[in-house]
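Coordinate analysis (summary)
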Amino acid sequence: MEQTSNRADYWRANLRVLFGCLAVWFLVSYVFGILLVDTLNQISLGGYPLGFWFAQQGSIFTFVVLIFFYAWRMNAIDKKFGVAED
Amino acid sequence: MDLQTLIYLVVGATFVLYFVLAIVARAGSTSEFYVAGKGINPVLNGMATAADWMSAASFISMAGLIAFNGYSASAYLMGWTGGYVLLAMLLAPYLRKFGKFTVPEFIGDRFYSKGARVIAVIALLVISLTYVIGQMKGVGVAFSRFLETSVEVGLFAGMGIVFVYAVLGGMKGITYTQIAQYVIMIFAYTVPAIFISLQLTGHFLPQLGTGAELTDGSNQYLLQKLDMVLVDLGFAEYTATPDLMNTFLLTLALMIGTAGLPHVLVRFFTVPRVRDARKSAGWTLLFIAILYTTAPAVGAMAMWNTLKTVQNTDEIGAPDGNLLYAERPEWMKTWELTGLLQFEDKNGDGRIQYYNDGNEDFAAMAEEEFGWNGNELTVDRDIMVLANPEIANLPNWVIALIAAGGIAAALSTAAGLLLAISSAISHDLLKGVFTPNISEKNELMAGRISMTVAIVVAGYLGLNPPGFAAQVVALAFGLAASSLFPALMMGIFSKRMNKQGAIAGMLAGLSITLLYIFWYKGWFFIPDTNMLPDNADNWLFGINPTSFGAIGAAVNFIVAILVAKMTAPPPHEIQELVEEVRVPRAS
């Protein structure tokens with residue numbers, strides 16, 4: 001029984017990290033890069049209109065960071081719940 | 001040394017390298033043949049996956065696509081990278097934990113159904129075959145352009161090379177050649193981009209150069225100037241944002257499709273541990289991002305270079321404002337020979353006019369005021385990458401490197417696809433369904449034979465493309481998004497999802513996506529069999545068939561959940577399997 005509840009807690013912890021990451025994923029691409037692109041384009045980042053920058057550069061950089069962040073958080077959660085591999 | 005000899009030497013050296021790697025890393029067991037013995041370092045797997053993923057189209061055509069579409073091409077940039085976030089968090093670690101050989105195998109086991117496995121195999125075959133046709137064509141074109149052979153000879157040479165290292169080496173041989181191919185490809189792509197960025201903006205990093213001021217003394221930003229000149233020539237602004245709904249849906253369809261592509265997913269079966277799969281996805285995207293964030297710079301800068309070459313004063317329509325054809329630069333002459341660049345002097349003034357004659361108001365004004373009789377210059381999008389070294393006056397070895405890079409991009413993706421096809425046949429169909437008692441030795445032999453057959457079929461289709469090669473993107477990504485991704489994700493994230501739900505969902509997603517694409521593109525892409533003209537006025541709610549994979553995926557999810565609710569839950573041991581897959585190690 002203890003094992004089952006431990007697994008359920010582990011899964012919930014995983015989902016929390018997952019939803020957080022996917023929220024950022026959605027924000028930088030779909031919200032900043034597409035839905036709000038015209039608004040953000042009023043702001044400049046050097047010679048880049050900001051919305052355009054998110055669509056062609058910023059979202060991609062964020063995706064890379066997100067995956068490494070997820071891997072790092074999940075390794076910590078694996079250890080905490082004692083399910084990390086050797 | 002003349003350019004042609006140099007190209008032969010550089011390209012020849014890369015082939016020798018691939019052969020040596022294939023002999024050193026040849027596969028001796030089915031595990032090595034399908035998943036490289038699960039012993040690939042996660043960083044190296046990241047490189048191999050990046051090469052597996054970035055095709056001839058990414059290498060040669062994407063920058064041009066961005067150059068001519070500006071902001072609208074962002075869907076491809078975000079879609080083809082953001083898919084890795086989904087793949088890394090929703091699929092890859094769990095499929096690695098499952099720990100078998102193929103994607104259909106997971107679907108078959110998880111949904112305790114050979115039927116589900118066969119549907120997954122069919123989806124995989126359609127996706128991978130349509131995709132591989134373009135690669136074989138890409139190999140032929142790259143060979144013919146750089147080595148001055150005919151497309152046929154190039155294609156046969158490509159088939160021969162892939163045959164040697166893929167049939168012999170299996171996944172293990174393919175992995176090590178893909179790592180080498182990544183290094184060649186990324187070097188070839190970034191070196192010319194860095195030089196062009198330095199020339200135009202003084203910035204070393206093209207990613208910064210695109211957002212910087214031009215060094216031509218105008219003190220204006222590159223993108224600002226590009227917007228201005230394009231509008232002056234009757235085009236839309238480079239940063240204009242039309243049709244955001246289809247950009248949104250296309251991005252979503254490409255992301256979901258990317259995450260569901262079997263030849264990419266299977267690369268994450270090759271690393272030793274679950275945590276390696278997570279990390280490896282990060283490295284993969286980092287290696288992809290180096291090219292994908294450079295491509296918009298190459299696109300914008302090549303577009304600017306082209307406009308500036310043709311239009312040599314700021315005032316549009318000035319009598320001496322356009323380049324004299326007789327004084328055109330060397331690179332234009334070179335690429336005219338290939339037909340990728342075409343000039344037709346419509347108004348007989350000996351000068352080159354490049355503008356948007358599809359814009360009726362502008363065309364009428366230009367005819368009246370400047371005496372222009374239509375756009376005179378046709379530029380193929382592939383030039384934006386291929387002619388870059390010449391535009392930037394780079395030495396010949398850079399041109400040779402681009403040749404080797406283009407061929408590496410096409411070969412690495414073709415090999416990955418061919419492996420996915422052959423393992424689906426030998427492992428899923430033969431071992432899994434038709435001859436379960438086959439010995440390991442015979443299965444390995446079957447794998448090699450089906451790989452050979454796949455190469456021959458792909459080569460044949462590359463030589464005689466069935467007329468829909470250009471539609472491959474819509475089809476491959478639409479099908480991956482609407483069939484495999486939802487089934488895989490629900491197999492992991494929903495313990496309640498059962499056989500009936502998954503099968504109904506896959507069939508519904510597949511058929512509605514195929515139907516929608518065929519409705520506007522023609523049945524099986526046969527010209528003139530479409531039910532409605534393929535334009536925005538006729539699309540259902542204005543949804544472009546290319547973007548429909550996102551809707552297909554939603555239909556798959558909804559149908560699967562409804563059917564699963566109405567039928568019995570999966571057996572206990574399947575629910576146990578899901579529990580197992582969710583944790584890296586049993587506690």
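Note that the structure is predicted; figures quoted are calculated from it, not measured.

Criteria and thresholds
- The numbering scheme is per chain: residues are counted from 1 as the chain's sequence reads.
- For naming, the first written chain is A and the first written ligand is 1, with later ones following in the order written.
- With the structure being a predicted model, the display of local features is reserved for residues of pLDDT at least 70 and the display and counting of side-chain atom pairs for 80 or more, all residues being used for whole-chain, interface and lining totals.
- No hydrogens and no water enter the side-chain calculation; it runs on all heavy atoms of the structure.
- Strands are runs of DSSP state E lasting at least two residues, helices are runs of H or I lasting at least four, and both sets are numbered from the N terminus onward.
- Exposure classes here rest on a 1.4 Å probe applied to the protein chains alone. A residue is buried below 20% of its type maximum, exposed above 50%, and partly exposed in between.
- Only heavy atoms matter for contacts: two residues are in contact if any of them lie within 4.5 Å across the pair.
- The convention is simple: Lys and Arg are positive, Asp and Glu are negative, and His and the chain ends are not counted.
- For the purpose of locating charges, the reference atoms are NZ of Lys, CZ of Arg, CG of Asp and CD of Glu.
- Only protein atoms enter the 1 Å grid used here. Points where a 1.4 Å probe fits but cannot escape make up a cavity, open sets with protein on both sides within 12 Å along at least five of seven lines make up a pocket, and a residue lines them when an atom lies within 4 Å of a point.
- Grid points are joined across faces, edges and corners, and a volume is the space filled by probe spheres set on the points.
- In this count, Pro and Cys sit with the nonpolar residues alongside Ala, Val, Leu, Ile, Met, Phe, Trp and Tyr, while Asp, Glu, Lys and Arg are called charged and the others, Gly among them, polar.
- Working definition of a nonpolar core: buried Ala, Val, Leu, Ile, Met, Phe, Trp, Tyr and Cys residues. They are joined through side-chain atoms within 4.5 Å.
- Note that domain bounds follow an automatic or database assignment of domains.
- The quantity reported as buried area is the accessible area (1.4 Å probe) lost by two parts once they are put together, taken as the sum for both.
- By salt bridge we mean one thing: a side-chain nitrogen of Lys or Arg within 4 Å of a carboxyl oxygen of Asp or Glu.
- Nitrogen and oxygen atoms within 3.5 Å of one another constitute a polar contact, given that in protein one can donate a hydrogen and the other can accept it, and given that sequence-neighbouring residues count only through two side-chain atoms.

Topic: the overall build of chain B
If you tally the helices and strands in chain B, you get 23 helices and two strands. Viewed in the frame of its principal axes, chain B has a C-alpha envelope of about 80 × 55 × 45 Å. A buried classification covers 61% of the 587 residues belonging to chain B. Summarising the internal contacts of chain B: among those between residues at least 6 apart in sequence, 80% fall at separations of at least 24. Each charge sign in chain B was given a centre, from 33 positive and 43 negative side chains, and these centres are 23 Å apart.

Topic: empty space enclosed by the protein
Residues and elements named next belong to chain B. Considering all chains together, one arrives at three cavities of 30 Å³ or more under this definition. Taken as a whole, the largest cavity spans an internal volume of roughly 60 Å³. Around the largest cavity sit Phe-101, Thr-102, Val-103, Pro-104, Leu-124, Pro-262, Val-266, Leu-419, Ala-420 and Ser-423, which together line it. For the lining of the largest cavity, the secondary-structure elements that each account for two or more residues are α6 (103–110) and α18 (396–434). Grouping the amino acids of the lining of the largest cavity by side-chain chemistry returns eight nonpolar, two polar and no charged.

Overview of the nonpolar core
Residues and elements named next belong to chain B. Of all hydrophobic cores here, the largest spans 220 residues; its most connected members are Trp-53, Phe-59, Ile-107 and Tyr-292. Among all residues touching Phe-59, those that are not within four sequence positions of it are Met-185, Ala-188, Tyr-189, Leu-291, Val-385, Ile-402, Gly-405, Gly-406 and Ala-409. One finds Ala-253, Tyr-516, Trp-539 and Ala-550 within the second-largest nonpolar core, a separate group that totals eight residues.

Quick word on the side chain of Thr175(B)
Tracing the sequence through the fold places Thr175(B) in helix α8 (residues 151–201). In this structure, Thr175(B) is in contact with Ala36(B), Ile40(B), Ala48(B) and Arg267(B), ignoring residues within four places of it in sequence.

Regarding the domain arrangement of chain B
Often the size quoted for an interface is simply the accessible area lost on bringing the parts together. Residues and elements named next belong to chain B. Split by domain assignment, chain B resolves into domain 1 (3–304 + 391–582) and domain 2 (305–389). Placing the centre of domain 1 and that of domain 2 at their C-alpha centroids yields a distance of 35 Å. Listed as interface residues are 34 residues of domain 1 and, on the opposing side, 24 residues of domain 2. Summed over both sides, the interface of domain 1 with domain 2 buries roughly 2,900 Å², with 67% coming from carbon and sulfur. For the domain 1 face of the interface with domain 2, the top three residues by lost area are Arg-145, Leu-233 and Ile-391, together amounting to 26%. Where domain 1 packs against domain 2, one counts zero salt bridges. Seen at the junction of domain 1 and domain 2, the total is 17 residue pairs in polar contact (both at pLDDT 80 or more). Per-element tally for the side of domain 1 that touches domain 2: the top contributor is helix α4 (residues 56–69), with eight residues. Of the residues belonging to the side of domain 1 that touches domain 2, the class tally is 27 nonpolar, four polar and three charged.

Overview of the environment of Gly170(B)
All names here are of chain B. By the secondary structure assignment, Gly-170 is in helix α8. Take Gly-170: its relative accessible area is 0%, and that puts it in the buried class. Along the primary structure Gly-170 and Ala-36 are separated by 134 residues, whereas in three dimensions their C-alpha atoms are 7.6 Å apart.

Side note on the interface of chain B and chain A
Contact residues are listed per partner, giving 53 residues for chain B and 47 residues for chain A. Taken over both partners, the interface formed by chain B and chain A buries close to 4,600 Å², and the fraction arising from carbon and sulfur atoms is 67%. On the chain B side of the interface with chain A, the three residues burying the most area are Met89(B), Phe248(B) and Arg278(B), jointly 15% of the side's total. Linking chain B with chain A are three salt bridges, by the criterion used here. A salt bridge links Glu579(B) to Arg7(A); its shortest N-O distance comes to 3.4 Å. Our enumeration of links across chain B and chain A arrives at 19 residue pairs in polar contact (both at pLDDT 80 or more). Only α5 (74–98), α11 (244–259), α13 (274–310), α20 (472–493) and α23 (572–582) of chain B provide two or more residues apiece to the side of chain B that touches chain A.

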